[in-house]
Amino acid sequence: MKKQLFYTTLLMVLALGGCKKFANEEPLSDGKLEDFFKSVYEADAAMAGMYAGMQQCMIGESQFNNRLTYWGDARADNMEPSQYANNNHNEMFLNSLTPNNTYSDWGPLYTIIGRANLNIAKFPEINNYARGSQIISDATLKSYLMQCYTMRAVCYFYLLRIWGGVPIRTTPFLKLDDNPKAPRESKAKVKEQIISDLQTAYDLIATKGSTPIIWYLHEGAIAAIMADVYMWRSHDDEIMPEYDKAIEWMKILFKSKGATGKVYNATGQTVTGSGGVATDLETTGNWKGIFTNPAGSIETIWSLHWNVDANGCPCMAGVSSARNNTPIKTAFQIFNTWGKSTTDTRGKQTIDQFKTDNWDRVIKWYGPNGFTNATTTYLTSAQAASFSGTDKTVYVPMYRLADMFLLYAEALNKTGDRDNARRYLNLVRMRATLPAYTTAELTTETEMEDAILNERRWELFAEGKRWFDLVRTDRVIQIMDPILKARQLANGGAEVGFGTDKRKYMWPLNRNVMNANPNLQQNKPYSD
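First, a word on scope: everything that follows refers to the structure included in this document.

1. Considering the pattern of salt bridges
Item 1. Counted under the stated rule, the structure contains 36 salt bridges.
Item 2. Ionic pairing is found between Arg346 and Asp344, a salt bridge with its closest N-O pair at 2.8 Å. When sorted by exposure, Arg346 lands in the same class as Asp344, which is buried.
Item 3. One salt bridge connects Asp481 with Lys485, and the closest N-O pair in it is separated by 3.4 Å. Separated by four residues within a single helix, Asp481 and Lys485 lie in helix 19 (residues 476–490), roughly one turn from each other.
Item 4. Judged by relative accessible area, which is 31%, Lys485 ranks as partly exposed.

2. Some remarks on unusual backbone geometry
Item 1. Geometrically, the link from Lys524 to Pro525 is a cis peptide bond, its omega value of 10° lying close to zero.
Item 2. We note that Leu442 has phi near 55°; this positive angle belongs to a residue other than glycine.
Item 3. For Leu442, the location among the structural elements is in the loop between helix 16 (418–431) and helix 17 (445–459).
Item 4. The buried category is assigned to Leu442, whose relative accessible area is 11%.

3. Considering the state of the cysteines
Item 1. In the structure shown here, the tally under the stated rule is one disulfide.
Item 2. Paired by a disulfide, Cys313 and Cys315 hold their sulfur atoms 1.5 Å apart. Disulfide Cys313 to Cys315: torsion about the S-S bond roughly 110°, handedness right-handed.
Item 3. Exposure remark for Cys313: the relative accessible area of 29% places this residue in the partly exposed category.
Item 4. Here Cys155 is not cross-linked by a disulfide; its sulfur's nearest cysteine counterpart is in Cys57, at 7.1 Å.

Criteria and thresholds
Residues numbered from 1 in each chain as written. Predicted model: local features only at pLDDT ≥ 70, side-chain atom pairs only at ≥ 80, totals over all residues. Heavy atoms only, no water. Salt bridge = Lys/Arg side-chain N within 4 Å of Asp/Glu carboxyl O. Buried < 20%, exposed > 50% of the residue type's maximum accessible area, 1.4 Å probe, protein only. Helix = DSSP H or I, 4+ residues; strand = E, 2+ residues; numbered from the N terminus. Disulfide = S-S within 2.5 Å.

Following this line, the structure appears as structure tokens:
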């Protein structure tokens with residue numbers, strides 16, 4: 001009975017769909033695991049389950065459950081708590097995380113890893129049973145395996161950045177007596193696993209330079225993720241950036257094609273720092289098209305597609321389309337300054353300025369395109385009303401070209417090439433109608449890095465990047481200490497700020513995770 005329940009539950013999980021192609025697949029029937037993975041149609045459904053896991057983890061299994069925001073933005077300076085914040089949210093904003101925090105549970109990421117592991121193990125066996133139209137072609141098999149290895153790497157990269165060293169599982173649980181109680185591996189071992197998976201995925205691509213479907217992981221996405229991994233630095237320097245390798249993968253990205261068939265950066269794929277022109281990015285007037293029509297954007301690399309009809313309300317805390325009792329919102333200083341900028345075209349296209357007493361809406365996911373091209377224009381009443389509600393499909397970018405141009409600028413700066421770093425920084429900056437930095441400006445490595453981080457803050461606002469940017473560049477204490485002191489004072493507590501303990505860059509392991517696996521050790525300085 002237990003065995004049957006296990007397989008039934010497993011197959012129900014696999015049947016969860018969400019991305020465009022797979023959302024219409026028929027669900028798998030109840031039964032034993034050995035009765036499945038017998039046709040390409042069951043592989044399609046299993047792929048749907050894997051992508052659905054990522055969509056649900058990042059955008060929301062339920063109202064206000066968008067981990068993309070909590071892990072990537074909420075602990076940084078872009079967001080602040082609203083009057084509806086609960087203990088989970090206040091812990092993030094006051095740097096007082098505990099193992100009881102809901103979002104300290106890594107379970108959703110391991111669920112996705114488990115689905116990827118099962119697919120990797122079972123897909124090659126399909127043609128032992130399939131006949132005729134049920135056969136999985138070699139091209140489809142390689143493509144699906146490529147996506148599974150990449151998705152597994154993405155999940156381990158999140159785990160590495162949020163918790164550090166974690167258990168590594170690369171095979172599926174196929175029996176009830178499989179031991180799930182693995183110890184944590186070192187950060188270096190986790191990084192090694194991520195790079196191995198990404199390289200395996202890249203090697204599985206049969207034809208390089210093909211036009212991708214950006215809802216799925218593909219050649220350009222692999223290169224972008226790999227570059228991001230090589231740029232990562234841990235708080236204790238166990239993981240150090242490898243800028244030369246990051247740059248090489250950036251150039252692989254640049255020669256890949258985007259959703260429209262355009263090569264991302266045709267002139268920048270050979271000599272380091274060379275190339276890169278304004279036409280590689282979306283125009284100023286179509287900046288919002290990156291978010292409202294990513295499949296038609298030259299800039300998109302990989303986006304998550306949340307179909308409201310298939311998945312329900314994308315009720316994301318702080319970044320949703322509805323004005324409601326969201327527990328987090330845009331920090332008021334940003335709303336009142338950058339959000340109202342008359343020089344930077346992105347502010348009013350990112351944050352709802354129509355209702356000035358309520359700044360809880362990030363509207364960059366919603367059309368129409370270019371409604372603030374005249375920089376003094378705010379949302380009209382009709383436009384504000386058209387954005388409101390919970391029935392909006394959203395497309396959340398995981399990686400896009402402006403993100404990578406700025407990361408490339410950071411790597412060039414770190415390797416002493418400030419002229420080309422400035423050039424790539426200016427490509428993004430000028431697209432927002434801001435003046436270009438001159439050769440007389442940003443003459444030191446620190447000045448250049450500060451400018452790049454500031455540009456990333458605005459360009460990638462609410463895209464789940466800011467906290468990781470601060471950790472990667474070791475700016476957490478510098479940026480967050482004065483902000484936390486003000487929050488602590490306003491909350492009636494002592495003004496201790498962030499403190500000097502960089503171990504708090506990491507999250508604690510959730511109590512349920514610790515209880516389920518006695519071989520785990522809690523992240524210091526958190527207590528069990």
